[in-house]
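As a plain string of letters, each chain reads:
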Amino acid sequence: MSAVQFDITKEDPRSRARAAVLKTPHGEIETPAFVVVGTMASVRTLTPDEIKKAGSQVVLANAYHLYLENRHEVIAHAGGLAKFMRWDGPTMSDSGGFQVFSMGFGSDHGIGKNTPYFPGRDVPPDLSKTELEGPKKIKITEEGVTFQSPREGNLISLTPELSMEIQQAIGADMFFHFDECTSPLSSYEYTAAAVRRTTRWAKRCIDAKTRGDQALFGVIQGGVWEDLREKSTKEIMSLPFEGFGLGGPVGISRDDIKKVVGWMTELLPKEKPRHLLGMGSPKEIMDVIGAGVDLFDCVVPTREARNGTLYTNTGRLHIMNAEFRLDEAPLEENCGCSTCQTFTRSYLHHLFRAKELLAKRLATIHNLFFINSLVARAREALKSGNFPEFQQDFYAKAAYR
Ligand SMILES: [Zn+2]
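All of these numbers come straight from a predicted model, not from anything done at the bench. (Residues numbered from 1 in each chain as written. Predicted model: local features only at pLDDT ≥ 70, side-chain atom pairs only at ≥ 80, totals over all residues. Heavy atoms only, no water.)

### With respect to the coordination of the zinc ion
Within the first shell, the zinc ion binds the protein through C335 (SG), C337 (SG), C340 (SG) and H366 (ND1), at distances of 2.1 to 2.3 Å. Taken together, the 4 donor atoms coordinating the zinc ion span angles of 99 to 116° at the metal, a pattern that classifies the geometry as tetrahedral. One chain supplies every donor for the zinc ion, spaced along it as C-x1-C-x2-C-x25-H. Summarising the burial analysis for this pair, C335 and C337 share the class buried. (Donors = N, O, S within 2.8 Å, 3.2 Å for Na, K, Ca; no water. Tetrahedral: all angles 85-135°; square planar, octahedral: opposite > 155°, others 65-115°. Buried < 20%, exposed > 50% of the residue type's maximum accessible area, 1.4 Å probe, protein only.)

In structure tokens form, the structure reads like this:
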């Protein structure tokens with residue numbers, strides 16, 4: 001008996017896109033759906049009511065961050081993630097694998113958080129070295145990963161079993177197996193070894209699963225190599241997972257993302273949900289819906305909002321620019337979000353310039369609403385058989401990646 005039920009309601013005959021209803025113990029998700037990131041059991045600056053009004057259906061927290069200071073025990077004590085944060089809806093958690101690799105390594109390669117080169121998530125490490133000298137040591141063994149916390153400096157070890165223990169304490173409706181994330185900079189040989197290890201860790205995660213009310217998704221890796229993606233897809237789909245996480249690829253071009261995602265969705269069984277991990281610029285979202293992806297999470301829309309970069313149907317708007325100082329229009333005409341219904345560009349420009357906290361909140365509400373309504377419109381187009389036209393129309397109008 002599966003913890004989630006996935007019912008496809010419409011398949012697009014001209015692409016791999018599909019619309020479905022994903023039923024979870026905490027409610028239904030209409031897919032395709034954008035999954036908003038709430039790393040620390042919180043979507044930054046927003047209350048659950050605001051998250052819902054921005055159109056979000058599901059929130060994703062992170063096992064690694066919630067393991068620090070044993071926060072997962074507090075969450076378990078409170079009755080699970082949804083109840084703890086008073087989010088009346090479905091939740092997911094990420095295994096922590098990606099964060100371990102990125103936080104243990106990233107800055108040693110001169111690329112780190114907020115690097116534009118990596119649109120989706122913080123930069124992954126180059127795992128062609130399994131041990132580094134100096135303050136940011138990381139060691140990957142068959143047992144798991146040990147690394148020195150870049151924040152506190154203490155040694156942290158994560159194993160597949162510990163990730164399962166943390167995620168089962170967090171109690172999200174859907175969660176991911178502990179995988180080994182590689183970088184586009186990793187060699188073929190290293191990536192192949194990581195694929196094999198990811199499958200062995202997948203089996204250990206399945207063995208460590210004790211709760212029947214959570215759906216475990218298996219993560220597929222393999223970098224940018226077709227044969228490795230194929231091998232990983234086949235191995236992971238042969239195991240009793242209830243859905244799939246498409247791992248990476250981060251830091252590659254939009255065309256390559258489409259290609260790599262296509263290799264996986266071509267092989268995956270239709271009847272289980274697919275979640276692309278850490279991808280979600282507006283155009284990438286349109287791409288991957290067409291490639292047959294049902295769910296996708298990304299920190300970028302909310303992070304960009306906090307930095308004053310707002311999304312519109314014709315491109316990004318940098319609200320700090322002088323041109324908006326006296327602009328009495330809303331961020332976007334006809335936007336249904338509470339920010340656009342109430343405030344002007346001039347006021348938002350002022351709040352950002354004055355570094356007022358309200359700026360981040362109002363901007364986050366708009367960007368989240370924008371992404372959710374874009375995906376909702378794509379879903380409606382899909383249901384009425386017009387998805388390819390909707391996709392082309394959006395590509396033509398939107399002046400951003
Ligand atoms: Zn708006």
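Now, onward.
### Some details on the environment of D227
Tracing the backbone shows D227 in helix α8 (residues 226-237). For D227, a relative accessible area of 40% corresponds to the partly exposed category. Separated by 35 residues in sequence, D227 and A192 place their C-alpha atoms 9.5 Å apart. Among the polar contacts made by the side chain of D227, one reaches the side chain of Y188 at a distance of 2.4 Å. (Helix = DSSP H or I, 4+ residues; strand = E, 2+ residues; numbered from the N terminus. Polar contact = N/O pair within 3.5 Å; in protein donor to acceptor, adjacent residues only side chain to side chain.)

### Remarks on the packing of aromatic side chains
What characterises a pair of aromatic rings is the spacing of the ring centres plus the angle enclosed by the ring planes. This structure, assessed with the given rule, holds 5 aromatic pairs. Considering the side-chain rings of F176 and F217, the 5.6 Å spacing of their centres and the 80° angle between planes classify their relative orientation as edge-to-face. Of the two residues, F176 sits in strand β10 (residues 174-176) while F217 sits in strand β11 (residues 215-220), which places them 41 residues apart along the sequence. Residue F176 is classed as buried on the basis of its relative accessible area, which comes to 0%. The interplanar angle of 90° and the centroid separation of 5.4 Å between the aromatic rings of Y188 and W225 together place this pair among those described as edge-to-face. Taken together, the residues Y188 in helix α7 (residues 188-207) and W225 in the loop between β11 and α8 connect sequence positions 37 residues apart. According to the relative accessible area criterion, Y188 is partly exposed, its value standing at 31%. Judged by relative accessible area, which is 25%, W225 ranks as partly exposed. (Phe/Tyr/Trp six-rings, centres within 6.5 Å; stacked < 30°, edge-to-face > 60°.)

### Structural notes on the sheet that holds strand β1 (residues 5-11)
In a beta sheet, neighbouring strands pair by backbone hydrogen bonds and run either parallel or antiparallel. As summarised here, the arrangement of the 3 strands in space is β1-β2-β3, forming an open sheet in which the pairing is antiparallel. The sheet is open, and its two edges are formed by β1 and β3 (27-31), each paired on a single side. The sheet shows a mean angle of 15° between the axes of neighbouring strands, direction not considered. Where β1 lies against strand β2 (residues 18-24), 6 bridges are found, and the strand directions are antiparallel. Within the sheet, the bridge partner assigned to I8 lies in β2 and is A20. (Pairing = 2+ DSSP bridges. Axes fitted to C-alpha atoms, helices over the stretch in contact; angles between N-to-C directions.)

### Description of the nonpolar core
Among the nonpolar cores identified, the biggest contains 94 residues, and F34, L246, M286, I289 and F296 are the most heavily contacted of them. Examining the composition of this core, we find that 13 residues originate from one element, helix α14 (residues 357-383), more than from any other. Split by domain, this core shows at least three residues from each of two domains, domain 1 (5-96 + 159-298) and domain 2 (311-397). Sequence-distant contacts of F34, that is, excluding residues within four places in its chain, are made with V58, I285, F296, D297, C298, P301, L368, I371, N372 and V375. Grouped together as the second largest cluster of nonpolar side chains are 18 residues, V4, V58, A215 and F217 included. (Core = buried A, V, L, I, M, F, W, Y, C linked by side-chain atoms within 4.5 Å. Domains from an automatic or database assignment. Contact = heavy atoms within 4.5 Å.)

### Quick look at the UniProt feature "binding site: substrate" (unreviewed entry) in the chain
Sequence positions flagged by UniProt for "binding site: substrate" (unreviewed entry) are, in local numbering, D94, S95, G96, G97, F98, D179, Q221 and G248. Here G96 is to be found in the loop between β6 (91-94) and α5 (97-105). Judged by relative accessible area, G96 falls into the buried class, the value being 0%. Once residues lying within four places of it in the same chain are set aside, the contact partners of G96 are N62, A63, Y64, L158 and F178. Positionally, Q221 belongs in the loop between β11 and α8. Excluding residues within four positions of it along the chain, Q221 makes contact with D179, E180, C181, T182, V195, T198, L228, R229, S232 and G247. (UniProt positions renumbered as here; feature names shortened; annotations may be inferred.)

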